[in-house]
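If you want the building blocks of each chain, they are given just below.
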Amino acid sequence: MKASSLERYTVHDVLSHRKYPTLRHPVNDTATVQEALHQMRKHNMVSLPVLSSSSKDHPLVDVISIYDLRDYIIHSPGLDNEVQLQLLSGRASGARTVLSDTVAQVVASRKHATQEIAATAPLQSLIRLFSTLGHHKVLVTGVEAVGTKARSVPRTSNELPRRHREWSIGSGCSFSSMGYPDSIYDYEDSDDDDGDDEGTSQMWGLTQYDVLHFIQHHNHQVGHPILDTPATSIASTKPLSSAAVIAQSSSGLLPALTIRDSALFAMKQLRDSHTSALPVVDIDGRLVAEIAGTGMRYLTEDKIGYLGKPVLAFINGLQLPKANPYVIHEHFTMSQVMTGLLRMNQDRAWLVDSEERPICAISITDILSFLL
């Protein structure tokens, strides 16, 4: 690692710093896609633990993310027809849609399993899972073996006992710009308790955001030469291009969306570019918004037609939470970018030029990759 002083830390140190986040709000694999989206929207989450319905003790199968659901939805053969029918009629067709499929079908469509890592593993291995291998969340094993001081939560009828997953499934998650303060995990000092608090007090997990928070807490050990690195030296993504260019070539440039592009086109671009968000620009190329896969959490069967509308109409029509993109300029340093991401609960920063035209995105993934 560039910051050699961080090499002495382990995964357990990150767990302890983040007060042992546990998996919460699980769904059964028999739940529908729409029910999973509703669960994510209700609890402001991007991932959910999935329980098996084939066994009476309901073991944990794996974890699905909004990006798994997004990719499954946009790959649906009948989606385009339903979008067009709803655009023309203004109402749902009444036919069965992809949102009626089960979580088990989503699980079966994925390619990569959610990764596990031992609590005794070095911090460097955890960062590598997140950055080099592209994972945005991992399950942590062997916590009890290292004498954890994890809180003891009284078991309720809704809680999951700790157990190994019944079988391994894949994760078709996008693999850039994923940090997630609104993750699948609960923290000891959380105030989010609405009475239907399902979860487990004995299975832990970490996200990229957790690692970034840990590094920021120990930034005095990172050193000024690294913290003062220009933001332009951190970004690993290629410069942005227009959506038209990427649609007509194999340049591999990250696309910028125009205000005229449809939300469905945007979601397909997110999938194909393996990123969690893309900028939306006006006719002069200035950044006006960003669109992320998390917007799919607000999709329902009678609102599938909104996918065929321009991205801003999609954002407004589904009443997505309004948040200005986190904008930085060339003089920003890595330290400033890290601080901004954490204070503003953002997953990425948009580097713009003097005329507010986006140049590239700097994600939590980029920062972690830079530290290796």
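Residues numbered from 1 in each chain as written. Predicted model: local features only at pLDDT ≥ 70, side-chain atom pairs only at ≥ 80, totals over all residues. Heavy atoms only, no water.

Colleague: Which parts of the structure should I look at to understand the overall build of the protein chain?
Modeller: Broken down by element type, the protein chain carries 14 helices and 15 strands. Considering the protein chain as a whole, with its 372 residues, one finds that 55% of them fall into the buried category. A fraction of 71% describes how many contacts in the protein chain between residues 6 or more apart in sequence connect residues 24 or more apart. Carbon and sulfur atoms make up 49% of the accessible area of the protein chain, which amounts to about 15800 Å² in all. (Helix = DSSP H or I, 4+ residues; strand = E, 2+ residues; numbered from the N terminus. Buried < 20%, exposed > 50% of the residue type's maximum accessible area, 1.4 Å probe, protein only. Contact = heavy atoms within 4.5 Å. Areas by Shrake-Rupley, 256 points an atom, 1.4 Å probe, with all protein chains shown as cover.)

Colleague: Please clarify how helix α13 (residues 334-343) should be interpreted in this entry.
Modeller: Two residues of an α-helix separated by three or four positions point the same way, owing to the 3.6 residues in each turn. For α13, the complete set of buried residues consists of Met334, Val337, Met338, Gly340, Leu341 and Leu342. As for α13, its buried residues are in contact with α7 (208-217), α9 (224-227), β13 (327-328), β14 (348-352), β15 (358-363) and α14 (364-371). Among the residues trailing α13, asparagine 345 stands out with phi positive, at a value near 50°.

Colleague: How should I be thinking about the packing of helix α6 (residues 123-130) against α7 in this particular structure?
Modeller: Between two packed helices, both the angle of their axes relative to each other and the distance between the axes serve to describe the pair. In contact at an axis separation of 10 Å, α6 and α7 are set at 135° when each is read in the N-to-C sense. The angle between the axes of α6 and α7 places the two elements in the oblique class. As for how α6 packs across α7, the hand of that crossing is left-handed. Residues Leu123, Leu126, Ile127 and Phe130 of α6 form the contact with α7, whose own contacting residues are Gln208, Val211, Phe214 and Ile215. In terms of residue class, the contact of α6 with α7 is made up of seven nonpolar, one polar and no charged. (Axes fitted to C-alpha atoms, helices over the stretch in contact; angles between N-to-C directions. Parallel < 35°, antiparallel > 145°, perpendicular 65-115°, else oblique. Left-handed = near helix turned anticlockwise from the far one by under 90°. Nonpolar A, V, L, I, M, F, W, Y, C, P; charged D, E, K, R; others polar.)

Colleague: Would you mind showing me how to read the pairing of β15 here?
Modeller: Residues in a regular strand project their side chains so that they alternate between the two faces of the sheet. For β15, the tally of buried residues reaches five of six residues, placing the bulk of the element in the interior. Summarising the sheet, β14 and β15 pair through five bridges and their orientation is antiparallel. Residue leucine 351 lies in a different strand from β15, and its bridge partner there is cysteine 360. Counted along the chain from β14 to the antiparallel partner β15, the turn is five residues long, and its residue glutamate 356 has a positive phi close to 65°. (Pairing = 2+ DSSP bridges.)

Colleague: It is not clear to me how the packing of aromatic side chains should be interpreted in this structure. Could you clarify?
Modeller: The description of an aromatic ring pair uses the distance of the two centres, along with the angle that the planes make with each other. Tallied over the full model, the rule gives two aromatic pairs. Measuring from centroid to centroid gives 5.2 Å for tyrosine 9 and phenylalanine 214, while their planes differ by 85°, and the two rings are edge-to-face. You can see tyrosine 9 sitting in the segment before α1 (11-17) and its partner phenylalanine 214 sitting in helix α7, a full 205 residues away along the chain. Taking the relative accessible area as the measure of exposure, phenylalanine 214 reaches 2% and is therefore buried. With a centroid separation of 6.4 Å and 70° between ring planes, the pair formed by tyrosine 20 and tryptophan 204 is classed as edge-to-face. With tyrosine 20 in the loop between α1 and β1 (22-24) and tryptophan 204 in strand β8 (residues 199-207), the pair connects residues that are 184 residues apart, well separated along the chain. In terms of burial, tyrosine 20 and tryptophan 204 fall into one category: buried. Note that lysine 2 overlies the ring of phenylalanine 370, its terminal NZ or CZ placed 4.6 Å from the centroid. Positioned over the ring face of tyrosine 298 is arginine 41, at 5.9 Å from the centre of the ring. (Phe/Tyr/Trp six-rings, centres within 6.5 Å; stacked < 30°, edge-to-face > 60°. Lys NZ or Arg CZ within 6 Å of the ring centre and 35° of its normal.)

Bear in mind that shape data such as this cannot, by itself, settle questions of function.
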